[in-house]
Amino acid sequence: MKLSIVDNKHIIVDFKNEEEIIRFNHHFTKEKRDAKWTKSSTVKFFNAKYKIQSQFWKEIYKLCVRYNMEFDFHDQDQMYYEVTLEEVTDFCKEQLKGTVYEEYDMEDTYHSVYLAIRHRYVRMDLSVSYGKSIFMYLLSKFLILKKISKKILITTPKPQLSMQILGEFAEINKSRFPFSVWRGKIKIKDAPVVISNFQFLSNVKEEILAEFDTIIHDECHRTSAPTYKDIYNKCPNVKMTKGITGSLLEDKSAEDFMIMANTGETAKVVSKRDLIKVGRATDGIISFIILSYLPLMVRQKMVDDRYNPSIPKIKSLDWDRQEILKHDWRTKVLVSFIKKIHQKEGSNGIVFFKTIAYGTKFVEYLKKAMPDSKIFYVDKDTKEVNRKQFADYMNDNNNCILVGSFDTTGTGISIKNLKWGLSAEPFKSFNLVEQVIGRFMRLFKGKDKFIFYDIIDDGRILKNENGVMKTKENYFFSWMAQKEADYKRHQFKITKQFLEKDAIKKDKPENKGLL
């Protein structure tokens, strides 16, 4: 295959034979992760003239190596920037003089910055607790001060994360290098480095975005969303794209390739276990709490709907969620469980929820059961200033509980003084697993372990299929296997315990179909 640069964003691929075309077509036509639930299940990453984004050049190289095909790319040197690790290290050390990081061993961070500069298109899978803000701070300053970039755009998934990054930059920005945040109705203030969320950027005109020649995507695992592609298309002069996340799922799906199209090839992976081993993160225990309380008729409907192809998955999941959340026994058991944890540990924790109606109900139950405890509540409508006040209070005090939605507290929030967490509602997303656990890994004096309680709602039944009794699982129970695999990948210790409602005893005649 012969690659030629056609503009600052694309390359053209020429082929020698039919086999190369077939291999290329197959490799760059990807199926979505939820393909069986959607009508348009595949995405093609090239056009009829075999024009493809430059971010894929290394993926094309790997394809050629795999099938022993010729790879011809004379402009390959344009995919790199000539810089040495020594040069980057010296620069970073100079920037951190007089900060708390001056005495730390930051060599791995310097190496990550070097790789991000060296590669024109790149994504970095750096675990939560790695220190992504200082990484982006050093990277953006090097690119601007060394005149590699003229103007940089740092994208985030939400406004409060933009402000958090700006605040963390300010803590180490002794030289008062100009950074700016664009958000909401705030008047746009210019700076060499601009931080903004993708919702705001989607409404910014192309003539303004045309000033940027470099994009750095924070939480780049989210860039598979179409809005990010629209933003990239409105930045015609961008010549470099970088991405950083701690939740990258590289599975060669359409979503994985969409992220690659907005960032580039993965240059470095630092896992949670890597950070724990070198003392940069706290180890933890995952405890599955399996609740058995659902009546047989409810379980049967959950299982039947799950395996019924005529019922949309979303509709079935919504019904399942509504059903489990209306059971007072479930809520009271979890509140009682949290009370015991709180009394035993005397430390701070987070309770996660998804549905606002359930979150408000849950916090009311919790406050009634624990009237003398400091309990905070956060959802999408909580003001940013209040969120920061809660986080600051919890960092300085113990015996606090934050009840927060996955969306607002599962990512971005920075509370180091956390020892336990609990999921009050079911969740499955790989990204949520990665991000939620990362909340508890941050180092804090006196914290040697954290524990996360993952609540599983048991709706299994035994079903007779052609004379053979088989176990059939509801959606929420089936998610446990995938999450357990994710936790094991990071080598966390895993425990399981069952809590059963008296009315669900298996020896009762009306419950013969229960496990």
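Residues numbered from 1 in each chain as written. Predicted model: local features only at pLDDT ≥ 70, side-chain atom pairs only at ≥ 80, totals over all residues. Heavy atoms only, no water.

Undergrad: Outline the sheet that holds strand β1 (residues 2-5), listing residues and values.
TA: One open sheet holds the 3 strands; their spatial order is β1-β2-β5, and the pairing between them is antiparallel. If you trace the sheet from one side to the other, it starts and ends with β1 and β5 (51-53), each paired once. Within the sheet, the average angular offset between the axes of one strand and its neighbour, ignoring direction, is 35°. Here strand β2 (residues 10-14) pairs with β5 via 3 bridges, running antiparallel. (Pairing = 2+ DSSP bridges. Helix = DSSP H or I, 4+ residues; strand = E, 2+ residues; numbered from the N terminus. Axes fitted to C-alpha atoms, helices over the stretch in contact; angles between N-to-C directions.)

Undergrad: Can you break down the packing of aromatic side chains residue by residue, with the values?
TA: Each aromatic ring pair is characterised by the separation of its centres together with the angle its planes make. Overall, the coordinates contain 39 aromatic pairs when judged by the stated rule. Considering the side-chain rings of Y137 and F179, the 5.8 Å spacing of their centres and the 35° angle between planes classify their relative orientation as tilted. Taken together, the positions of Y137 in helix α5 (residues 132-145) and F179 in strand β8 (residues 179-182) put the pair 42 residues apart, joining distant regions of the chain. A relative accessible area of 0% places Y137 in the buried class. (Phe/Tyr/Trp six-rings, centres within 6.5 Å; stacked < 30°, edge-to-face > 60°. Buried < 20%, exposed > 50% of the residue type's maximum accessible area, 1.4 Å probe, protein only.)

Undergrad: Tell me about helix α15 (residues 356-369), residues and numbers included.
TA: In a regular helix each residue adds 1.5 Å, so 14 residues correspond to 20 Å; α15 covers 20 Å between its end C-alpha atoms and thus fits that length. All of the buried residues along α15 are Y358, G359, F362, V363 and L366. In an axial view of α15, the angular spread of the buried residues amounts to 130°, which keeps them on one side of the axis. Turned more than 90 degrees off the buried face of α15, the exposed positions are A357 and K368. Looking at the buried side of α15, the elements it contacts are α13 (313-325), α14 (328-345), β14 (349-353), β15 (374-378) and β16 (400-405). (Expected span 1.5 Å × (residues − 1). Arc of directions from axis to C-beta. Contact = heavy atoms within 4.5 Å.)

Undergrad: Break down the nonpolar core for me, with residues and values.
TA: Counting 72 residues, the largest nonpolar core has I117, F135 and F452 as the members making the most contacts within it. Excluding its chain neighbours within four sequence positions, the residues that come into contact with F452 are I285, I286, S287, F352, G421, L422, S423, F427, V436, I437, F440 and Y487. Core analysis: the second largest hydrophobic core is formed by 35 residues, V335, I341, W420 and L422 among them. (Core = buried A, V, L, I, M, F, W, Y, C linked by side-chain atoms within 4.5 Å.)

Undergrad: Could you give an account of unusual backbone geometry, naming the residues involved and the relevant values?
TA: Its identity as a non-glycine residue notwithstanding, N68 has a phi of 55°, on the positive side. Note that N68 resides in the loop between α2 (57-66) and α3 (85-95). On the basis of relative accessibility, which here comes to 73%, the residue N68 falls in the exposed class. Phi angles above zero are rare outside glycine, and K252 is one such case at about 60°. Position of K252 among the secondary structure elements: in the loop between β11 (240-245) and α10 (254-262).

Undergrad: Explain the packing of α5 against helix α6 (residues 159-172) residue by residue, including any values.
TA: Relative to each other, α5 and α6 sit at 70°, their axes nearing to 10 Å. Classed by the angle they form, the pair α5 and α6 counts as roughly perpendicular. The residues of α6 that touch α5, namely those facing K132, S133, I134, M136 and Y137, are L161, I165, E168, F169 and I172. A class-by-class count of the residues in the contact of α5 with α6 yields 7 nonpolar, 1 polar and 2 charged. (Parallel < 35°, antiparallel > 145°, perpendicular 65-115°, else oblique. Nonpolar A, V, L, I, M, F, W, Y, C, P; charged D, E, K, R; others polar.)

Undergrad: Give a description of the environment of H111 that names residues and reports values.
TA: Mapped onto the elements of the fold, H111 is located in helix α4 (residues 107-118). The exposure class assigned to H111 is partly exposed, which follows from its relative accessible area of 30%. Along the chain, H111 and E86 lie 25 residues apart, while their C-alpha atoms are 9.4 Å from each other. In contact with H111, other than residues within four places in its own chain, are L85 and K268.

Undergrad: Go over the packing of helix α18 (residues 430-438) against helix α19 (residues 475-489) with me, naming the residues and quoting the values.
TA: Orientation of α18 relative to α19, taken along the N-to-C sense of each, is 45°, at an axis distance of 10 Å. Between α18 and α19, the interaxial angle falls into the category oblique. The handedness of the crossing between α18 and α19 comes out as right-handed. Between α18 and α19, the residues in contact are F430, V433, E434 and I437 and K483, D486, Y487 and R489, respectively. Its residues assigned to classes, the contact of α18 with α19 comprises 4 nonpolar, no polar and 4 charged. (Left-handed = near helix turned anticlockwise from the far one by under 90°.)

Undergrad: Describe the pattern of salt bridges, and please don't skip the residues or the numbers.
TA: All chains considered together, the criterion is met by 35 salt bridges. Of the charged contacts, one joins R123 and E250 as a salt bridge, the two residues approaching to 3.3 Å between their closest N and O atoms. In this pair, R123 is assigned in strand β6 (residues 121-126) and E250 in the loop between β11 and α10, connecting sequence segments 127 residues apart. Here E250 falls in the partly exposed class, since its relative accessible area comes to 41%. D457 is the salt-bridge partner of R330, the closest N and O atoms lying 2.7 Å from each other. Remark: D457 occurs in strand β18 (residues 450-457) and R330 occurs in helix α14; sequence separation between them is 127 residues. Just as R330 is buried, D457 falls in that class too. Here the salt bridges do not stand alone but share partners, grouping R123, E250 and D256 into one network. (Salt bridge = Lys/Arg side-chain N within 4 Å of Asp/Glu carboxyl O.)

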